[in-house]
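Structural overview
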Amino acid sequence: MADLYLKNLESERRQLWATCRLKGLKRDTPERLRIAEIDRLLAEHRAKKPQPPVEREEG
């Protein structure tokens, strides 16, 4: 099943990065601070998500 929270965060991050690159915004702007916040939220969300066990064949 798709993780909509994760998709929404990634979409917002891409949109903000496009705006920052287009306008040449500096690091202390609200857009860049939001990108940093989204990065933190993404990392926390991915850390909570359990990884499925990897099955490997012997041989």
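These lines cover the structure that appears in this document, whether it is placed above or below. Since the model is a prediction, treat every value here as computed from it, not as a measurement. (Residues numbered from 1 in each chain as written. Predicted model: local features only at pLDDT ≥ 70, side-chain atom pairs only at ≥ 80, totals over all residues. Heavy atoms only, no water.)

The number of helices and strands found in the protein chain is two helices and zero strands. For 59 residues, the compact-globule estimate of 2.2 N^0.38 gives 10 Å, and the C-alpha radius of gyration of the protein chain, at 16 Å, exceeds that figure by more than 25%. A sequence separation of at least 24 residues applies to 52% of the contacts in the protein chain between residues at least 6 apart. Taken as a whole, the protein chain presents about 5400 Å² of accessible surface, with 53% of it coming from carbon and sulfur. (Helix = DSSP H or I, 4+ residues; strand = E, 2+ residues; numbered from the N terminus. Rg over C-alpha atoms; globule rule 2.2 N^0.38 Å. Contact = heavy atoms within 4.5 Å. Areas by Shrake-Rupley, 256 points an atom, 1.4 Å probe, with all protein chains shown as cover.)

Quick look at the nonpolar core now. By size, the foremost hydrophobic cluster in this structure holds eight residues: Leu6, Leu9, Leu16, Cys20, Ile35, Ile38, Leu41 and Leu42. Those elements that place two or more of their residues in this core are α1 (4-23) and α2 (30-48). Discounting chain neighbours no more than four positions away, the residues touching Cys20 are Leu25, Glu31, Arg32 and Ile35. (Core = buried A, V, L, I, M, F, W, Y, C linked by side-chain atoms within 4.5 Å. Buried < 20%, exposed > 50% of the residue type's maximum accessible area, 1.4 Å probe, protein only.)

The tally for this structure, following the rule as stated, stands at five salt bridges. The closest approach of N and O atoms between Arg40 and Glu37, which form a salt bridge, is 2.5 Å. Taken together, the positions of Arg40 and Glu37, both in helix α2 and three residues apart, correspond to about one turn of that helix. Looking at Arg40, the relative accessible area reads 38%, which means it is partly exposed. Look at the salt bridges and you will find they share partners, linking Glu37, Arg40 and Glu44 into a network. (Salt bridge = Lys/Arg side-chain N within 4 Å of Asp/Glu carboxyl O.)

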